[in-house]
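Here is how the chains run, residue by residue.
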Amino acid sequence: MTNTTQNAQRTSELAQRTVLVTSGTGKTGHRVVERLTARGVPVRSGSRSGEVRFDWADDSTWGAALCGAHAAYVAYYPDLAAPGAAEAMRRFGRLAAANGVRRVVLLSGRGEPEAARAESALREACPDLTVVRAAFFAQNFSEGAMAEGVLAGTVAFPAGDTAEPWVDADDLADAVVAALTEDGHAGQTYELTGPRLLSFAEVTAELSRATGREIRYVPVSGAEYAESLTRYGLPEPDAEWLAGLFSMLLDGHNASTTDGVKRVLGREARDFADFARDAAAAGDWQG
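What you see is a predicted model, and the numbers here were worked out from it, not measured in a lab.

Asks: What is the right way to read the packing of helix 4 (residues 85-98) against helix 5 (residues 113-125) from this model?
Replies: How two helices pack is summed up by the angle between their axes together with the distance between the axes. Where helix 4 contacts helix 5, the two axes come as close as 7 Å, and the packing angle between them is 20°. In terms of axis orientation, helix 4 runs roughly parallel to helix 5. As helix 4 packs across helix 5, the resulting crossing turns out to be right-handed. Seen from helix 4, the contacting residues are A85, A86, M89, R90, F92, G93, R94 and A97; seen from helix 5, they are R117, A118, A121, L122, E124 and A125. Looking at the contact of helix 4 with helix 5 residue by residue, the classes come out as 9 nonpolar, 1 polar and 4 charged.

Take a look at the structure:
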């Protein structure tokens, strides 16, 4: 039997193992579910209100979701750098290992010291853990909190003129699925970015070109951003923590690109301009 045949057989075997996708309706989770389903992989999509109940705030839901699963995609809510995330990863990892889950892929963030602590906590029980550290998602402008700003024509954020290597969430999902269904990724840590650095001003220029209308970037302080979040109903402590996290992540230490997408998928990462063009064509910013 040739190596190619052996690899294909191994991939086929892995594809028949049930995969738990935590936060299965989230920005990356639903993409991973769709891709696994298209490959014929048995998927268990976990969410707070779905058929498979999984709630990061209620660990009594974890065991039933993990029972019978062979692999898991872990996307922690609200963020892997949030207070309590490391302990949650430690408990989840022990439960996953006790249920026979051997292949685990974790979504993490680039340049987040607290997230790195949570990675280590999960790795204690899952030594073959694959970590995918993502840059900011391009889809934050079409599916996330900033989409409203795009529609209004003004994106306010505490980023100054710092550049970020925006990664496409579809690239991230493709990489996660590869790590879940193919050999060679156990124990690896991949940093996924887009192919170029773009400041928020450059991002809004790309969005303006794609939508055919003016979209401006307005830099604000962390305190101003936190205040705006509270006006939308976020509790003040959460707003201050989130604003502080964004200010830290966008202080320039993440202003570099990587070849992570190519390492995993064998192709170049998708450019932000392509995302903006396709999102506009799909009607994502039609108010």
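Asks: I tried to follow the side chain of T22 on my own but got confused; where do I start?
Replies: Its place among the elements puts T22 in the loop between strand 1 (19-21) and helix 2 (29-38). On the basis of relative accessibility, which here comes to 0%, the residue T22 falls in the buried class. Those residues within four positions of T22 in sequence are excluded, and the remaining contacts are G46, F54, W56, Y73, V74, A75 and F92.

Asks: Please explain the layout of surface pockets as it appears in this structure.
Replies: Remark: the empty space left among the atoms is shown by a probe the size of a water molecule rolled over them. As a volume, the largest pocket reaches approximately 1700 Å³. Lining the largest pocket are 46 residues, with K27, Y76, Y77, P78 and D79 sitting closest to its centre. Elements supplying a minimum of two residues to the lining of the largest pocket: strand 2 (43-47), strand 5 (103-109), helix 9 (222-231) and helix 10 (236-249). When residues in the lining of the largest pocket are grouped by element, the largest group, 6 residues, is from helix 10. Split into classes, the residues belonging to the lining of the largest pocket amount to 26 nonpolar, 11 polar and 9 charged. As for the second largest pocket, its lining consists of 16 residues, and the residues nearest its centre are A145, A156, Y225, S228 and Y232. Counting residues per element, the ones that place at least two in the lining of the second largest pocket are helix 6 (147-152), strand 7 (154-157) and helix 9.

Reading guide: rules and limits
Residues numbered from 1 in each chain as written. Predicted model: local features only at pLDDT ≥ 70, side-chain atom pairs only at ≥ 80, totals over all residues. Heavy atoms only, no water. Axes fitted to C-alpha atoms, helices over the stretch in contact; angles between N-to-C directions. Helix = DSSP H or I, 4+ residues; strand = E, 2+ residues; numbered from the N terminus. Parallel < 35°, antiparallel > 145°, perpendicular 65-115°, else oblique. Left-handed = near helix turned anticlockwise from the far one by under 90°. Contact = heavy atoms within 4.5 Å. Nonpolar A, V, L, I, M, F, W, Y, C, P; charged D, E, K, R; others polar. Buried < 20%, exposed > 50% of the residue type's maximum accessible area, 1.4 Å probe, protein only. 1 Å grid on protein atoms, 1.4 Å probe; cavity = no way out; pocket = protein on both sides within 12 Å on 5 of 7 lines; lining within 4 Å. Points joined across faces, edges and corners; volume = space filled by probe spheres on them.

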